[in-house]
Number of protein chains: 2
Amino acid sequence: MASTTDRLLVEQWRSIQDAYFRTSCALDRALDAKFDIGLNEFEILDLVAENSKSSCRMKELGERTPMSQSAVSKVVDRLEKAGLLTRQSCADDRRSLYLELTAAGRKLHQAAAVEHRALLKENLA
Amino acid sequence: MASTTDRLLVEQWRSIQDAYFRTSCALDRALDAKFDIGLNEFEILDLVAENSKSSCRMKELGERTPMSQSAVSKVVDRLEKAGLLTRQSCADDRRSLYLELTAAGRKLHQAAAVEHRALLKENLA
DNA sequence: TGTCATTGAATGACGCGTCATATAGATTTT
DNA sequence: AAAATCTATATGACGCGTCATTCAATGACA
């Protein structure tokens, strides 16, 4: 054991970890510094902005993100408290909630997205 | 804005995130279930096991891992409490500490490493 | 050699994510 | 249609990582 295959695997994994850490830290810091939101907050904003025309959100978000359901719920809490989006009850299923960006949310998202893409470009490949 | 380049970037990033999450969660759960240690604990064990012949550890670990210095300190705390390694003071620089696996630590590391490599093989590429 | 800056490590407060659970509303079963 | 089950979300306890700070030991420099 401790074959060269294993060593290569471990090295590959470490470099993935490293890349992931670098990128997500860079994103997180920049977004926090300039827009006062964390990376997860931005990603939820980004998802909501992406399909700002379809159905009951919370649920869908859970499917489009690796975050757990409760994490999403808490991120949305913060975004709502920050006045960036609203939860609105859903007529056809009163358990569900629609999420909608506020004007402030849309504005912040647009600005932050520019930064986000730029940092991705810098950090990926 | 919202160029196709940007969309591609974002997709690339999401797939990296996804891969990272899947792999690290799988590792974390398996290691915790079978050996009662988390992924970070294993990685420190792995690093210590790797160069079990050289100098003052804590410091070096900080350089070989994306974890912060204080995170490393706390992981080592847990490993020490679990009886898997020891901190030993360093003759030539009394601020530094040597880390050494205990017999139990070595044993657990060997078993866990097999699992770890197997899961990496499953999840990468 | 006495000051001043630097370095290795530990610690406490804090934020966030996870798990398990709770709750209310939907759906199915009989 | 009542009972049982399932589904969408929220919540609280808890663990862990980060930041800022602290402390002791080292090194530099006058």
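Now for a quick tour of the structure. (Residues numbered from 1 in each chain as written. Chains lettered and ligands numbered in written order. Predicted model: local features only at pLDDT ≥ 70, side-chain atom pairs only at ≥ 80, totals over all residues. Heavy atoms only, no water.)

**Remarks on the relation of the copies chain A and chain B**
Stated precisely, the cut-off is as follows: Least-squares fitting of one copy onto the other uses the C-alpha atoms of those residues that reach a pLDDT of at least 70 in both copies.
When chain A is fitted onto chain B, the two copies agree to an RMSD of 0.1 Å after a turn of 180° and an axial shift of 0.0 Å. Given the turn and translation reported, the copies of this chain are related as if by a two-fold rotation axis. Residue Tyr20(A), judged by its C-alpha, is the member of chain A lying nearest the rotation axis, at 3.7 Å.

**Observations regarding the protein's contact with DNA strand D**
For the record, the criterion: Only heavy atoms are used to decide nearness, and a residue is near a molecule or strand if one of them lies within 4 Å of it. Here a polar contact is taken to be a pair of N or O atoms separated by no more than 3.5 Å, where protein atoms must pair a possible hydrogen donor with a possible acceptor and residues adjacent in sequence count only if both atoms sit in side chains. By the criteria applied, helices consist of DSSP H or I runs no shorter than four residues and strands consist of E runs no shorter than two, each listed in order from the N terminus. All residues other than Ala, Val, Leu, Ile, Met, Phe, Trp, Tyr, Cys, Pro, Asp, Glu, Lys and Arg, Gly among them, are scored as polar; the first ten of these are nonpolar and the last four charged.
Around DNA strand D, the structure places 20 residues, and the nearest of them are Arg29(A), Lys59(A), Arg87(A), Asn40(B) and Lys74(B). Sugar and phosphate atoms form 61% of the subset of DNA strand D atoms that lie within 4 Å of the protein. Arg29(A) places a side-chain nitrogen or oxygen 2.6 Å from a phosphate oxygen of DNA strand D. At the level of elements, helix H3 (57-64) and helix H4 (69-81) of chain A together with helix H4 (69-81) of chain B are the ones that each hand at least two residues to the surface near DNA strand D. By residue class, the composition of the surface near DNA strand D is three nonpolar, seven polar and 10 charged.

**Section: the interface of chain A and chain B**
Threshold: Whether two residues are in contact is decided by their heavy atoms: any pair within 4.5 Å suffices. Once two parts are joined, some of their accessible surface, as seen by a 1.4 Å probe, is lost; buried area is that loss totalled over both. For this analysis, a salt bridge means a side-chain nitrogen from Lys or Arg found within 4 Å of a carboxyl oxygen belonging to Asp or Glu.
Facing 26 residues of chain A, the contacting portion of chain B comprises 26 residues. Between chain A and chain B the total buried area reaches about 2600 Å² when both faces are included, carbon and sulfur atoms providing 68% of it. Put simply, chain A and chain B have four salt bridges between them. For the salt bridge of Glu50(B) with Arg14(A), the shortest nitrogen-to-oxygen distance reads 3.3 Å.

**Comments concerning unusual backbone geometry**
At Asp36(A), a residue that is not glycine, the phi angle is positive and equals roughly 60°. By the secondary structure assignment, Asp36(A) is in the loop between helix H1 (4-35) and helix H2 (39-50).

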